[in-house]
Amino acid sequence: MNFTGANILSVEQFDRDSIDYIFQIADRMQPYARRQKRTTVLDGAILGNLFFEPSTRTRVSFGTAFNLLGGEVRETTGMESSALSKGESLYDTARVLSSYSDIIAMRHPKSGSVAEFAQGSRVPVINGGDGANEHPTQALLDLYTIKKELAYHGTSLNGLHICMMGDLKFGRTVHSLSRLLALYPNVRFTLISPRELAMPESVLAVLEKAGHQVTITDQVSESSDAHILYQTRIQQERFESVEEANQYRGRFRLNSDIYTKHFKPNTVIMHPLPRDSRAEANELDNDLNQNPNLAIFRQADNGVLIRMALFALTLGVAEQVENYDRTVNWFSDKPNL
Ligand code: CP
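These notes cover the structure that comes with them. (Residues numbered from 1 in each chain as written. Predicted model: local features only at pLDDT ≥ 70, side-chain atom pairs only at ≥ 80, totals over all residues. Heavy atoms only, no water.)

What follows deals with the side chain of N49. Here N49 lies in strand β2 (residues 46–51). With residues up to four places along the chain from it excluded, the contact list for N49 reads R59, F62, G63, V73, R74, E75, T76 and A105. (Helix = DSSP H or I, 4+ residues; strand = E, 2+ residues; numbered from the N terminus. Contact = heavy atoms within 4.5 Å.)

Given below as structure tokens:
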């Protein structure tokens, strides 16, 4: 894949070689993310960070990643503060905002909206989540995390058993991650959800075409030998009403007792976050916070590395980052990501 100038809209763009290359560049971003060094390779460049739907991690880590490469960030948050709320089209918005930026990261509640926006953009556009459709940068950081966690336990992706649990219908992160994992051999998927919130047929078709073993169930006990447990949130914002979402809230909780009863001791616990910590949902209990297998914050940390890599690649500076670096003046003792 030629990254320079490319939009990053869907995981379907990637093959295993391009993923390996992104991960190699992400590894090289460690000293900058740990604040041991700084680089100004993107000095003068501007990121348009357009988030028309709520976000904490993706929005801030895109901005942080761009700053860490020496660039500046201009942000738009919320539909109501944008002229989209006056009826302006995505195409017009893209034509205008792309002349103010060198690259754009965007989240929008409608499936396909980021690709539509990209048609009007004169600079590369990175999808930060389009409705229930895709979240490609999350899938990359999830896969990067899975590889690192498996390596820590002395295993690899070959023969991976991943259990995905919760709202698999509207959870765009599991759609994108499943499509990426389909590229690897012998992956076993256990998909646990209420029947009404099952993984979409379009994603299942990709897994089946690639020859993977897929178990669809509403029983947690089906997943006892999983290497990875990927928990998700009920995506209330995609339901017709709060009452409808409430029917499913709390159906697949995970806490220390359930984890110990149903999963083998080293099962890695992942979640794209945010987790719904309200008592009625409590999908990932705080009593797991000290469990070393809880990888949720390592996932979020890895998001900075992956997004730095994607900026460096799409702006064509991936091989120049070290030419513009120097040590930092301030105290920094961040652990390895
Ligand atoms: N994982 C994720 O997309 O989180 P945010 O909604 O906070 O960006």
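Continuing now.
The next thing to look at is the sheet that holds strand β5 (residues 125–130). Ordered in space as β3-β2-β4-β5, the four strands form an open sheet in which the pairing is parallel. Edge strands, defined here as strands with exactly one partner in the open sheet, are β3 (72–77) and β5. When strand polarity is set aside, the average angle formed by the axes of neighbouring strands in this sheet is 10°. Sheet topology places β2 next to strand β4 (residues 103–108); five bridges connect them, and they run parallel. Among the inter-strand pairings, L50 is bridged to a residue of β4, identified as M106. Sitting on the sheet, helix α3 (residues 57–68) touches β2, β3, β4 and β5, and the angle it makes with β2 is about 180°. (Pairing = 2+ DSSP bridges. Axes fitted to C-alpha atoms, helices over the stretch in contact; angles between N-to-C directions.)

The terminal C-alpha atoms of helix α11 (residues 296–314) lie 27 Å apart, and with 19 residues this matches the ideal 27 Å at 1.5 Å per residue to within 8%. Counting buried residues in α11 gives 15 out of 19 residues, a clear majority hidden from the surface. Immediately downstream of α11, the backbone of G316 shows phi near 75°, a positive value. (Expected span 1.5 Å × (residues − 1). Buried < 20%, exposed > 50% of the residue type's maximum accessible area, 1.4 Å probe, protein only.)

Right, let's talk about the packing of aromatic side chains for a bit. The geometry of an aromatic ring pair is captured by the separation of the ring centres together with the interplanar angle, meaning the angle of the planes. All told, the structure shown has eight aromatic pairs when counted by the stated rule. With centroids separated by 6.1 Å and ring planes inclined at 20°, the aromatic side chains of Y259 and F263 adopt a geometry described as stacked. What makes Y259 buried here is its relative accessible area of 4%. An aromatic cluster is defined as three or more aromatic residues linked by ring pairs; in this entry it consists of F51, F62, F66 and F311. (Phe/Tyr/Trp six-rings, centres within 6.5 Å; stacked < 30°, edge-to-face > 60°.)

Right, let's talk about the nonpolar core for a bit. One finds I22, I162, M164 and F311 to be the most contacted residues of the largest nonpolar core, which totals 67 residues. When residues of this core are assigned to their parent elements, the largest contribution, nine residues, is made by α11. Taken domain by domain, this core gets at least three of its residues from each of domain 1 (11–134 + 303–327) and domain 2 (136–297). Setting aside chain neighbours within four positions, we find F311 in contact with L42, L47, F62, A65, F66, L69, I103 and I126. One finds A226, F263, L284 and L288 within the second-largest nonpolar core, a separate group that totals 16 residues. (Core = buried A, V, L, I, M, F, W, Y, C linked by side-chain atoms within 4.5 Å. Domains from an automatic or database assignment.)

Nothing here speaks to function; it is geometry throughout.
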